[in-house]
Amino acid sequence: MSQDDDKNQGVELGEFLDFYLLDSQEQIERLGAGLLQLEKEGGNIGLINDLFRSAHSLKGASGTMGFTPIVEITHAAEDLLDRLRQGKIDVSLEMIDVLLAVTDRVKAMLEQVEKRQDITYGSEDLVNSMKALLNGETAPAASEKTEQTSAHEEEAPASFVPLDFSLSQQEREKVNDAHGMGHGVFELDVKLAPNTLMKAVRAVMSIQRLEGMGKVIKILPSVEDLEAGQADGFSVLFLSDEPSEEIRKEVLEITDITSVEIFPYLTAESAVKEPNISNNEILPQDTANHEIVKQSMPDVPKEKSKPAAAPAVPEQPPTNGESSTQVHTIRVDTVRMDNLINLVGEMVITRTRLVQIGLDLKSQHSTDPMVNNLNEANVYLGRLMNDLQESVMRLRMVAIGTVFNRFPRLVRDLAKKTGKEIDLVLKGEDTELDKTVVEVIGDPLMHLIRNSVDHGIESPEERRAAGKPVHGTVTLDAYHDGNHIAILISDDGGGLDLDKIKKIALTKGLINEREELSENDIANLIFLPGFSTADKVTDISGRGVGMDVVKKALNNLGGMVDIATRKGKGTTFTIRLPLTLAIIQALLVEVRDEIYAVPLSSVLETLLVNRSDIKTVGGLQMVQLRGNTLPLISLQEKFGLPDAETLQNEVFVVVVGFGDKVLGLIVDELRGQQEVVIKSLGDFLNNLPGIAGATILGDGKVTLILDIGSLLQDVLVTRKI
């Protein structure tokens, strides 16, 4: 349906569209999950009835909104499921394949509806396949590509030669990470009309439009050179998941731009990157449909100027005599949720400032009753703020099952492609963590699962010869571990070939022969950039970028990953992440004249250590603690702070831990515990080694928050401790 068609049968489209999309996306996810379950359980009549109702609801809602292409394809699916529930046909692998393809096609159509675009995807091939199955015939092969293919799935013509953008190291890493995560990387060659005035303005306008669809990495010639030179156009290196045709249309709308050519862009490093994500592998931005469902909150209208609209398909009437107007849940847009989190964060900062003012006044006017009243009010305000913060943080928590539920389909398709028989076991789907973490964790988990399927699980013949069950098992588990969440990805495959890993690392010069490495150290070598044990590159893995990207993505979240492997038994990847990324309790420490915040969830204990007890082994300081060796790192040396004029005989050591990794931070003073709000440092200062963000203290000063996961990973893994 065209966006210009504001009214459909007297109903305003915009009033109902958000409700329609939410309901339809839930129905299609339910349909996809049910089909995977049906493949295992066969003729489960209850499940078949549920699938039929989902298809029927989706068809009815789409018909009400006037989205004819969705109606056509879901109507055919409904007929097939109806015949199935009547017992006139049996469940078959071919039927499941076709119906899963239907869910993929409808998802693509719904994405266009969400973007207010016309539906350009066709459905004739799938409708014909379903009609053939209804008639007891073999379904014709459905088209593997939809009518509109996303831009980063296209292939560049053989004559295309990528432009040398002379990328910096940071820019090259962004491009390589985008390739590794399956996002689109393009070169846009833009031509300007002859005698165009203000060429630089046209380039800036293009960049502004492109930034709304992705991220611009570089433009050649630069805006300054374009204004001063005689160039008749410019080229842009651009990251986006939008279709190439949409990108082209957006830029062509600018005056004096006559043509835009778009090509997939590969650097020398990214030419061997992971294949792009298929339609079955949803990017993290799709997590939970950008919505959070919360209980026991009053209903409010989504738009202030309009009453809340009911969903296009009404729920079943209550059967217990209760009023049908009672509402127990409400959908809240994540933008509003983020705004609430930010406001609470600012209140925490302001309250910290009030406490500091109260303490300063008390030191100067200790007998003034007004000062005592102020401090008493601050104490009560602190209790209220703690309750408010806890309530808001609960709103921010999302079940990790929203991410886990996308992987059964992925494992099924990968197993089918590799000729393996693999079961995916999900555990701990109800485990909750910060929505920001949920939105980002999808891609790292996808890489690890792909690795388990391709590298970990053996072929049926190999498993049979080893006396194992033919069906391999990949387990995805999540649980709370103190103030962190642990996610385990394990398989019962052949385990990592540690001898092969060490040999490849020696060949690549990543280690030297004299280094003594434990089995765990050797296993962690696979996280080094460009490392791969694959004998050949497949379209699933083996290009040597997935593990490096996983580690970097987890470090950005303040987490870390570790490996445990046994030859012939399998491999387990353990990811540990912070529960929240918004407001935390922190221990403030002083190093020279700087104050740093250490997340209290990572602090195990604090020590006072004599300098004479600190020894240096292999360039790393260590101290004996209760019979064990504790590696140390001086924050003064780590962050390049000036040396002290006089050295004290004793130093404070903050012992921090993440999982089974422990490290001691050498500091000058301990300043006490405080609640801090994590603020991002922005794109330019983001991903600084050892820094997770910043916060504002009660005196108004900005303090850096330490990234304990990054420090542990760098010191312990890099130095093989």
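First, a word on what this report is: a plain description of the structure on this page. (Residues numbered from 1 in each chain as written. Predicted model: local features only at pLDDT ≥ 70, side-chain atom pairs only at ≥ 80, totals over all residues. Heavy atoms only, no water.)

Examining the overall build of the protein
Then comes step 1: Across its full length, the protein carries 21 helices and 26 strands.
Then comes step 2: In the protein, of all internal contacts separated by at least 6 residues, the share reaching a separation of at least 24 is 72%.
Then comes step 3: Total accessible area on the protein stands at roughly 35900 Å², and carbon and sulfur atoms take up 50% of it. (Helix = DSSP H or I, 4+ residues; strand = E, 2+ residues; numbered from the N terminus. Contact = heavy atoms within 4.5 Å. Areas by Shrake-Rupley, 256 points an atom, 1.4 Å probe, with all protein chains shown as cover.)

Side note on the packing of aromatic side chains
Then comes step 1: The tally for this structure, following the rule as stated, stands at five aromatic pairs.
Then comes step 2: Ring centres of Tyr20 and Phe67 lie 5.2 Å apart, and the angle between their planes is 40 degrees; on these two criteria the pair is classed as tilted. Separated by 47 residues along the polypeptide, Tyr20 in helix 1 (residues 13–41) and Phe67 in the loop between helix 2 (45–65) and helix 3 (68–85) bring together distant segments of the chain. There is no split in this pair, since Tyr20 and Phe67 are both buried.
Then comes step 3: Pairing Tyr596 with Phe639 gives two aromatic rings, centres 5.1 Å apart and planes at 20 degrees, and the pair type is stacked. Here Tyr596, found in strand 17 (residues 594–599), pairs with Phe639, found in the loop between helix 19 (635–638) and strand 22 (650–658); they are 43 residues apart in sequence, far enough to count as distant. (Phe/Tyr/Trp six-rings, centres within 6.5 Å; stacked < 30°, edge-to-face > 60°. Buried < 20%, exposed > 50% of the residue type's maximum accessible area, 1.4 Å probe, protein only.)

Looking at helix 10 (residues 334–364)
Then comes step 1: Along its 31 residues, helix 10 runs 45 Å from first to last C-alpha, staying within 8% of the 45 Å computed at 1.5 Å per residue.
Then comes step 2: Buried residues of helix 10: Thr334, Met337, Ile341, Val344, Gly345, Val348, Ile349, Thr352 and Gly358, and no others. (Expected span 1.5 Å × (residues − 1).)

So, unusual backbone geometry
Then comes step 1: Cis rather than trans, the peptide bond between Leu220 and Pro221 has omega equal to -15 degrees.
Then comes step 2: On the secondary structure map, Pro221 appears in the loop between strand 4 (214–220) and helix 8 (223–228).
Then comes step 3: Phi at Asn195 takes a positive value of approximately 60 degrees, unusual for a residue other than glycine.
Then comes step 4: Here Asn195 lies in the loop between strand 3 (184–192) and helix 7 (199–211).
Then comes step 5: By relative accessible area, which is 77% here, Asn195 ends up exposed.
Then comes step 6: Look at Asp256: it is not a glycine, yet its phi comes out positive at around 75 degrees.
Then comes step 7: For Asp256, a relative accessible area of 28% corresponds to the partly exposed category.

Here's the deal with helix 9 (residues 244–252)
Then comes step 1: Buried residues of helix 9: Ser244, Glu246, Ile247 and Val251, and no others. Down the axis of helix 9, the smallest arc covering the buried residues is 165 degrees, so these residues share one side. (Arc of directions from axis to C-beta.)

Some points on the sheet that holds strand 20 (residues 620–625)
Then comes step 1: Strand order in the open sheet formed by six strands is 18-22-23-21-20-19, with mixed pairing between adjacent strands. Sheet topology places strand 18 (603–610) and strand 19 (615–617) at the edges, where each strand pairs with a single neighbour. Sheet twist, expressed as the mean angle between neighbouring strand axes with direction ignored, is 40 degrees.
Then comes step 2: Note that strand 22 and strand 23 (residues 661–667) share seven bridges and pair antiparallel. By the bridge assignment for strand 23, Val654 is matched with Leu665. (Pairing = 2+ DSSP bridges. Axes fitted to C-alpha atoms, helices over the stretch in contact; angles between N-to-C directions.)

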